[in-house]
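# Coordinate analysis (summary)
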Amino acid sequence: RAPRTRRSTARVEGLRCGVLEDLVELLAEWSPIPVTYAGGVNALEDLDRVKEVGKGRVDLTIGSALDIFGGEVAYDDVVAWQRRQESEVEGA
């Protein structure tokens, strides 16, 4: 049985104040279905961190952190990051 947690991404979503890594880790460990984490991204490196902490089992959505919505994370860089991930899977 999954541990109970009161953590919610709603308190960080749109604030670009950092990813709640402990929550990502719990999602990776306990979710029986694919799960998407939203909120807190403020740098491209956060994508790598969620992939690592989430053990590749947690997807990530980015909104206001993207430059096309006024943020500082370049949309083109995120697309390039995703394409690299897909290339790694195809090459494995």
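My aim in this report is to walk through the structure given alongside it, one point at a time. All values reported here derive from a predicted model rather than from experimental measurement. Residue positions within a chain follow its written sequence, with the count starting from 1. Note on the predicted model: pLDDT of at least 70 is required for a residue's local features to be given, and 80 or more for side-chain atom pairs to be given and counted; whole-chain, interface and lining totals, by contrast, use all residues. With hydrogens and water stripped out, all remaining heavy atoms of the structure feed into the side-chain values.

### A short note on helix α3 (residues 75–91)
A helix here means a DSSP run of H or I that spans at least four residues, while a strand means a run of E at least two residues long, and both kinds are numbered starting from the N terminus. Here the expected span of a helix is defined as 1.5 Å times the quantity of residues minus one. Here α3 contains 17 residues, and its C-alpha end-to-end distance of 24 Å stays within 8% of the 24 Å for a straight helix at 1.5 Å per residue. Three exposure classes are used, based on accessible area relative to the maximum for each residue type with a 1.4 Å probe and protein chains only: buried under 20%, partly exposed in between, and exposed over 50%. Restricting attention to buried positions, one finds in α3 the residues V78, W81 and Q85. Along α3, the residues classed as buried sweep out an arc of 60° about the axis, all on the same side. Exposed positions of α3 whose direction lies more than 90 degrees from the buried face are D76, R83, E90 and G91. If you follow the buried residues of α3, they end up packed against α2 (45–53). This arc is built from the directions going out from the helix axis to the C-beta atoms. For this analysis, residues touch if any pair of their heavy atoms sits within 4.5 Å.

### Things to note about the packing of helix α1 (residues 21–30) against α2
Axis lines are fitted to C-alpha atoms, over the contacting stretch for helices. Their N-to-C directions set the angle, which ranges from 0 to 180 degrees. α2 packs onto α1 with a crossing angle of 40° between their chain directions and a minimal axis gap of 8 Å. By the criterion of interaxial angle, the relationship of α1 to α2 is oblique. For the pair α1 and α2, the crossing hand works out as right-handed. Between α1, through E21, V24, E25 and A28, and α2, the contact on the second element is made entirely by R49, V50 and V53. Here the word oblique covers every angle except those under 35 degrees (roughly parallel), over 145 (roughly antiparallel) and from 65 to 115 (roughly perpendicular). Each crossing gets its handedness from the near helix: less than a right angle anticlockwise from the far helix is left-handed, clockwise is right-handed.

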